[in-house]
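As a plain string of letters, each chain reads:
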Amino acid sequence: MACSSLVKLNASSSQWIGQQSFNQRPGSSSRLATRRVSFVRAGSYSEELVQTAKSIASPGRGILAIDESNATCGKRLDSIGLDNTESNRQAYRQLLLTTPGLGEYISGAILFEETLYQSTTDGKKFVDCLREQNIVPGIKVDKGLVPLPGSNNESWCQGLDGLASRSAEYYKQGARFAKWRTVVSIPCGPSALAVKEAAWGLARYAAISQDNGLVPIVEPEILLDGDHPIERTLEVAEKVWAEVFYYLAENNVTFEGILLKPSMVTPGAEHKEKASPETIAKYTLTMLKRRVPPAVPGVMFLSGGQSEVEATLNLNAMNQSPNPWHVSFSYARALQNTVLKTWQGHPENVEAAQKALLVRAKANSLAQLGSYSGEGESDEAKKGMFVKGYTY
Ligand code: 13P
């Protein structure tokens, strides 16, 4: 008899397992002996989640991350001399989200809550602007980082309280995927406690998102900070992703309905030698192949303070031969830097700034397909954006 209920193994065990089939062998005194167990997550959104993830992970496209909190968006605006007001944030997001032709290169856009509920100055909802271009609206759902007591000066990510009801509301508003960013610091250890907390939080968030129809982007950002060599980053990344997948499985998360947002495996930003795109691709793909099951549809990298051109070159190097997953981008800084510098807050620069966004989006689209040449890039796009101890 097929059954999808949860069954407790025995009275003293605190482990529950999903039971797909429950047969009693003739003559067997114990039902447990013949139980067939399958970790199948029952959920009304299962098919939709898989479809959403697939459509985001579609060839030649990636994610535009513009989910900066109001405080972080304020830093972006301040860099071009603008005040951090709601109308300035709206003007900036409007510029980005109404760029003609964006949907050719961008499959998803991660928004901050304010933007999800906001409209253009003409009264058109931003989510509708996205849908028209076949871009899936996403939402940042974490509540940011706070110090992790008992650790080595590390942090943990808040936001699980009330997440189910917030996610259901975001779905109603049009969001179809979510993002939760936690961080791991190599110079601070990382401590076993911080890694476990990061992995567990991501897994709980992922399960809650899937229950509410949102594809979770799983993002344990391993910060660029530090003077360590690339081998050390590889070691830490392997540890972090092993724990993340362990807890994702423990929480019965459907791997076909998630997306990953890893940091690339690079030397620490203050290491004496820089690594080439080929070396970064080799280490990053080695790590991913060791840790990420092929059931996962897409790996969408963050840029983490790399220059726009570096982030594109590294992505291109990773797509020189076929991968088990769609390997693409989910950049914030590496898609926005030149746009902001071009815009400067002046209405007459909007068109040029939108063209600048398309240049970057197209370059990364080519990199997703492994055919970016790196020619003709501006000096601005080559400027690194690493900030020590950067907070989002
Ligand atoms: P960056 O590409 O700026 O590292 O963005 C990371 C991020 O999580 C934005 O959603």
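Residues numbered from 1 in each chain as written. Predicted model: local features only at pLDDT ≥ 70, side-chain atom pairs only at ≥ 80, totals over all residues. Heavy atoms only, no water.

A. Broad picture of helix H3 (residues 86–97). Given a rise of 1.5 Å per residue, 12 residues ought to cover 16 Å, and the 16 Å separating the end C-alpha atoms of H3 matches this to within 8%. With nine of 12 residues buried, H3 is to be regarded as a mostly interior element. Along H3, the residues that are buried comprise Asn88, Arg89, Gln90, Tyr92, Arg93, Gln94, Leu95, Leu96 and Leu97. (Helix = DSSP H or I, 4+ residues; strand = E, 2+ residues; numbered from the N terminus. Expected span 1.5 Å × (residues − 1). Buried < 20%, exposed > 50% of the residue type's maximum accessible area, 1.4 Å probe, protein only.)

B. Broad picture of the pattern of salt bridges. Within the structure shown, the criterion is met by 20 salt bridges. Close ionic contact of Arg176 with Glu48 constitutes a salt bridge, the shortest N to O distance being 3.3 Å. Taken together, the residues Arg176 in the loop between helix H6 (163–172) and strand E9 (177–184) and Glu48 in helix H1 (residues 46–56) connect sequence positions 128 residues apart. According to the relative accessible area criterion, Arg176 is partly exposed, its value standing at 22%. We classify Glu48 as partly exposed; its relative accessible area is 27%. (Salt bridge = Lys/Arg side-chain N within 4 Å of Asp/Glu carboxyl O.)

C. Expanded view of the site of the ligand. Around the ligand there are 13 residues in total, and Asp67, Lys179, Glu219, Ser303 and Gly304 lie nearest to it. Between an oxygen atom of the ligand and a side-chain N or O atom of Ser303, the distance comes to 2.5 Å. Contact distances for the ligand include 2.8 Å between an oxygen atom and a side-chain N or O atom of Arg333. The protein chains hide 100% of the 300 Å² of surface that the ligand would expose on its own. Looking at the shell around the ligand residue by residue, the class counts come to five nonpolar, two polar and six charged. (Near = heavy atom within 4 Å. Polar contact = N/O pair within 3.5 Å; in protein donor to acceptor, adjacent residues only side chain to side chain. Areas by Shrake-Rupley, 256 points an atom, 1.4 Å probe, with all protein chains shown as cover. Nonpolar A, V, L, I, M, F, W, Y, C, P; charged D, E, K, R; others polar.)

D. Expanded view of H6. Buried residues of H6: Leu163, Arg166, Ser167, Tyr170 and Tyr171, and no others. Mapping the buried residues of H6 onto a view down its axis gives an arc of 140°, with all of them on the same face. Taken together, the buried residues of H6 touch H1, helix H4 (113–116), strand E6 (136–140), E9 and helix H7 (192–211). Among the residues trailing H6, Gly174 stands out with phi positive, at a value near 115°. (Arc of directions from axis to C-beta. Contact = heavy atoms within 4.5 Å.)

E. Structural view of the nonpolar core. Judged by nonpolar contacts, the single largest core of 106 residues is most densely connected at Tyr205, Phe245, Leu248, Leu260, Phe301, Tyr331 and Trp343. When residues no more than four places from it in sequence are discounted, the contact partners of Trp343 are Leu77, Ile80, Leu82, Asn88, Ala91, Tyr92, Leu95, Asn349, Val350 and Ala353. (Core = buried A, V, L, I, M, F, W, Y, C linked by side-chain atoms within 4.5 Å.)

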